[in-house]
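Coordinate analysis (summary)
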Amino acid sequence: MRAIEETEHGEPPAAPPRRRWPVLTVVSGSLLLCGIDLTVLHVAVPSMSRELEPSPAGLLWIVDVYSLTLAALLVTCGTLGDRIGRRRMVLSGFVTFGLASAAAAFSTTTAQLIAARAALGVGAAMIMASTVAIIRVVFTDDRERAVAIGIWTAAHSVGATIGPLVGGLVTAKWGWGAVFLINVPVIVVILAVGARVIPESRNPVPRRWDLSSAALSVTGLAGVVYALKQAGEHAGVNGVIVTTAVVGSVLLHLFVRRQRRIAEPLLDFSLFHERRFTTATLCVIGCFGSYVALLFFLTQWLQQVGEYSPLRAGLALMPLAGANAIGAVTAPWAANRWGNRWALTGALALFATALAVMAVVGDTADYGVLLVPLLGAGYGAGIVMTLGADSIMSAAQPERSGEAAAIQETSFELGAGLGVAVLGTVLTAVYRTGLPQVPGLDPDGRAMAEESFAHAEGLTANLPSETAQTLQRAAQQAYDHGFTTVLTLAAIGLVVTASMAAVLLRPPRTR
C-alpha cells in the first residue's frame, strides 16, 4: 500500500469500466482465502498434532508463522509491487499461495509444514500488499471506490471469522491436510480470471525498495518470537534463548533507527509521534491479538478438555463470530452516540470483562454458560477492530493516508502473530509446570507427557487402562489451568489498553 495518494491522481484508469466489478470479485475472493488461512488450522490442530507430533514451540510456529511472515513482508511487498507492477505482484502471489497450500496439505513433518505456512504468508503478503492500490486505480468514482474498499476490507475479516467452521467441516470429512488442499482449485480459478481482468499499474514515482530494512525487520522479529517460544517450551531460559532474544531485539532496534534516517523508509515511524495514532495502533494490536488467540486456544480447549469433535468446536465458535460481525457493523453507531474515544474504551472493557467471566465460570460441559461471554467478547472485539482502524487513519494527516493504511494492515497481522506467540508461550509453560504426578508413569513417559497435550494423549494407547485414564484427566486439568491463565492475562492486557484509550485518545486541545 505505498504512495497510493500520489498514484490516484498520477495514473489514468487502467481498465475499462465494465471490468471493475470482476476485478473487485477477484481481489476480494483472494482476501477471503487469506483470512480463512489465518484461522482455518485452529480446529484441525488436535488431529494434526496426533499425526505430526510437533513440540509445543513447533506447534506455535505452525499456527502463527503465517501471520508473522505476512506482517513482516506486507509493506515490503507493497513497495516492490509499486515498482515492478501490481498485477505482476498479485498474480505471483496467487501462484505462491496455491503452491504453498499444496505443500502444506501434503506435509509429513513439522518442519515441512512450518516452511509451507511461511510460504503461505509470503503469498498472502504479495496479494494483500497491492490489491487496495489496484482497487483505487480501477475505481475512479469516489463513491464506488468507498464501497469497493469496504467490500475488500470485509472479505478478510469474514474469512478469518469463518475459518474455524470451514476447518471443522473439512477436517471431520477429509482430515487436517484438506484445510489447505481446498485452496488449490479456488486459487486456480482466481488466477485464471485475474490474469484476464486485472490491469497492470505502477507508481510513476516508486519508492526505493530497501533490502536492508526488510532483512532487519524479518530476522529481528523471527529472533524475538523464536526466543519466546523456546522459553515456553523449556519453562525457563538458557544461554541460547537469551542470546537469540538479545540479537533479535538489537536487529529490531537497528531497523527502527534505519527507518528514521533514510529518506524513503519502509515504515515511517514519525507517524508514531502523534499520540492518538500510537494509541490506536496499540489498541488494534492488543485487541486483534487477543481475539485470534481466543479463537485458537478456545478450539483447543473445547476439543482437548471438552472432547468436542472438530465440527462441533467450529460450530461452537459461530456465536463469537456472529457477534464480532455485528460489532463491526454497529461500531459507527456507537461512535456517533458516545464518541470514538469512549466507544473504543467501552468495547475494550467489554472484551476484557467477557474474558474474565470466561476464565472464572467457563466450563466445557456447560456451553450455555460460555455463550454470554462469547457474545460479549465478539461484539466488543468487532467494535474495537473497526474504530481502532478508523482512529489510525483519522489521526494521520490526509496526505499520509497511504503510509497510515500500511501500518494499519501490518498492526492487524502483527497482533495476530504476537497474540498466539506470547499467550501460547504462557499456556505451554503453565501446562508443563502444572501437570500433576501420575502414578504408574515412568520418568520417560512423564517427560513426553509434559511436551504437549497431544503427546500425553498419544501415550494413553500404550498404558494400562487405569494409568491412561489418570494421565488423560491430569493433562486435561493442566491444559484447563493454562487456558484459564491465558484468559486472565489477556483480560488484564485489555484493561490496560482500555485505560490507555480513555486517557490518550482525547482530542488535541484547540487554541
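Reading the values: rules and limits
- Residues numbered from 1 in each chain as written.
- Predicted model: local features only at pLDDT ≥ 70, side-chain atom pairs only at ≥ 80, totals over all residues.
- Heavy atoms only, no water.
- Helix = DSSP H or I, 4+ residues; strand = E, 2+ residues; numbered from the N terminus.
- Rg over C-alpha atoms; globule rule 2.2 N^0.38 Å.
- Buried < 20%, exposed > 50% of the residue type's maximum accessible area, 1.4 Å probe, protein only.
- Contact = heavy atoms within 4.5 Å.
- Areas by Shrake-Rupley, 256 points an atom, 1.4 Å probe, with all protein chains shown as cover.
- Lys, Arg positive; Asp, Glu negative; His and termini not counted.
- Charge placed at Lys NZ, Arg CZ, Asp CG, Glu CD.
- Patch = residues over 30% accessible without salt bridge, like charges linked within 9 Å, V, L, I, M, F, W, Y side chains within 5 Å.
- Salt bridge = Lys/Arg side-chain N within 4 Å of Asp/Glu carboxyl O.
- Polar contact = N/O pair within 3.5 Å; in protein donor to acceptor, adjacent residues only side chain to side chain.
- Expected span 1.5 Å × (residues − 1).
- Phe/Tyr/Trp six-rings, centres within 6.5 Å; stacked < 30°, edge-to-face > 60°.
- Lys NZ or Arg CZ within 6 Å of the ring centre and 35° of its normal.
- Axes fitted to C-alpha atoms, helices over the stretch in contact; angles between N-to-C directions.
- Parallel < 35°, antiparallel > 145°, perpendicular 65-115°, else oblique.
- Left-handed = near helix turned anticlockwise from the far one by under 90°.
- Nonpolar A, V, L, I, M, F, W, Y, C, P; charged D, E, K, R; others polar.
- Core = buried A, V, L, I, M, F, W, Y, C linked by side-chain atoms within 4.5 Å.
- Disulfide = S-S within 2.5 Å.
- pLDDT = per-residue confidence, 0-100.
- Arc of directions from axis to C-beta.

Points about the overall build of the protein
Along its length, the protein carries 19 helices and zero strands. Its C-alpha radius of gyration of 23 Å places the protein within 12% of the 24 Å reference for a compact globule of 511 residues. If one aligns the C-alpha atoms of the protein with their principal axes, the spans along those axes are about 75 × 55 × 45 Å. Every one of the 511 residues in the protein was classed for burial, and the buried ones make up 56%. Restricting the contact set of the protein to residue pairs at least 6 apart, pairs at least 24 apart contribute 84%. Element-wise, carbon and sulfur atoms account for 64% of the exposed surface of the protein, whose accessible area totals about 20400 Å². Measuring between centres, the 35 positive side-chain charges of the protein sit 10 Å from its 33 negative side-chain charges.

Focus on a nonpolar patch on the surface
Together, Val-237, Val-242, Val-246, Val-250 and Leu-254 make up a nonpolar patch on the protein surface, roughly 410 Å² of accessible area in all. For Val-242, the location among the structural elements is in helix H11 (residues 239-261).

A word on the environment of Asp-37
Counting through the fold element by element, Asp-37 comes out in helix H2 (residues 20-39). Along the sequence, Asp-37 and Ala-328 sit 291 residues apart, while their C-alpha atoms lie 21 Å from each other. Beyond its immediate stretch of four places on either side in the chain, Asp-37 contacts Tyr-66, Phe-97, Arg-117, Leu-120, Phe-180 and Asn-183. Among the polar contacts made by the side chain of Asp-37, one reaches the side chain of Asn-183 at a distance of 2.8 Å.

Side note on H2
The periodicity of an α-helix, 3.6 residues per turn, causes residues three or four places apart in sequence to face the same way. With 20 residues, H2 should reach 28 Å at 1.5 Å per residue; the first-to-last C-alpha distance of 30 Å fits that figure. Judged by how many residues are buried, H2 sits mostly within the fold: 15 of 20 residues are covered.

Remarks on unusual backbone geometry
Positioned with a positive phi, Glu-53 is a non-glycine residue whose angle comes to about 50°. Mapped onto the fold, Glu-53 is located in the loop between helix H3 (41-52) and helix H4 (56-84). For Glu-53, a relative accessible area of 52% gives the class exposed.

Focus: the packing of aromatic side chains
Throughout the structure, instances matching the rule amount to four aromatic pairs. With 4.8 Å between their ring centres and 55° between their planes, Phe-296 and Phe-297 make a pair best called tilted. Residue Phe-297 is classed as buried on the basis of its relative accessible area of 3%. Ring geometry for Trp-333 against Trp-338: centres 5.5 Å apart, planes inclined by 80°, an arrangement best described as edge-to-face. By relative accessible area, Trp-333 is classed as partly exposed at 48%. For Trp-338, a relative accessible area of 49% translates into the label partly exposed. We note Arg-312 situated over the ring of Tyr-308; from NZ or CZ to the ring centre the distance is 3.8 Å.

Some remarks on the packing of H3 against helix H12 (residues 275-304)
At a closest axis distance of 8 Å, the pairing of H3 and H12 adopts a crossing angle of 40°. Classified by the angle their axes make, H3 and H12 are oblique. Here H3 and H12 pass one another in a crossing that is right-handed. Of H12, the residues touching H3 (which contributes His-42, Val-43, Val-45 and Pro-46) are Val-292, Leu-295, Phe-296, Thr-299, Gln-300, Gln-303 and Gln-304. Of the residues assigned to the contact of H3 with H12, the class counts are six nonpolar, five polar and no charged.

Focus on the pattern of salt bridges
Under the definition given, this model contains one salt bridge. Measuring nitrogen to oxygen at the nearest pair gives 3.3 Å for the salt bridge that ties Glu-274 to Arg-276.

What about the side chain of Ser-47?
Looking at the secondary structure, you find Ser-47 in helix H3. Assessed through its relative accessible area of 18%, Ser-47 is described here as buried. Apart from residues lying up to four places away in sequence, Ser-47 is in contact with Thr-171 and Trp-176.

Examining the environment of Thr-386
Residue position: Thr-386 is located in helix H15 (residues 367-395). Judged by relative accessible area, which is 28%, Thr-386 ranks as partly exposed. Residues Thr-386 and Ala-331 lie 55 residues apart in sequence; the distance between their C-alpha atoms is 6.5 Å. Apart from residues no more than four positions distant in its own chain, Thr-386 is found in contact with Ala-328 and Ala-331. A polar side-chain atom of Thr-386 sits 3.1 Å from the main-chain carbonyl oxygen of Gly-382.

Some words on the nonpolar core
Residues Phe-94, Phe-97, Phe-180, Leu-294, Phe-297, Leu-298 and Phe-351 are the most contacted members of the largest nonpolar core, which totals 149 residues. Counting residues per element, this core draws most heavily on H12, at 16 residues. Aside from chain neighbours lying at most four places away, what touches Phe-297 is Val-420, Leu-423, Gly-424, Leu-427, Tyr-479, Phe-483 and Val-486.

A word on the state of the cysteines
By the definition in use, this model includes zero disulfides. Summary of cysteine pairing: Cys-34 is not part of a disulfide, and the nearest cysteine sulfur, belonging to Cys-77, is at 11 Å. Free of any disulfide, Cys-283 has its nearest neighbouring cysteine sulfur in Cys-287, separated by 8.5 Å.

Some words on the side chain of Ser-213
Considering the arrangement of structural elements, one finds Ser-213 in helix H10 (residues 211-234). Among residues more than four places away in sequence, those in contact with Ser-213 are Phe-255, Arg-258, Gln-259, Ile-262 and Leu-266.

Things to note about the confidence of the model for the protein
With 90% of its residues at a pLDDT of at least 70, the protein reaches an overall mean of 82. Per-element confidence in the protein ranges from a low mean pLDDT of 41 for helix H1 (residues 4-10) to a high of 92 for helix H5 (residues 86-105).

Describing helix H17 (residues 443-451)
The set of residues buried in H17 consists of Gly-445, Arg-446, Ala-449 and Glu-450. Projection of H17 onto a plane perpendicular to its axis shows the buried side chains occupying an angular sector of 135°, all on one side.

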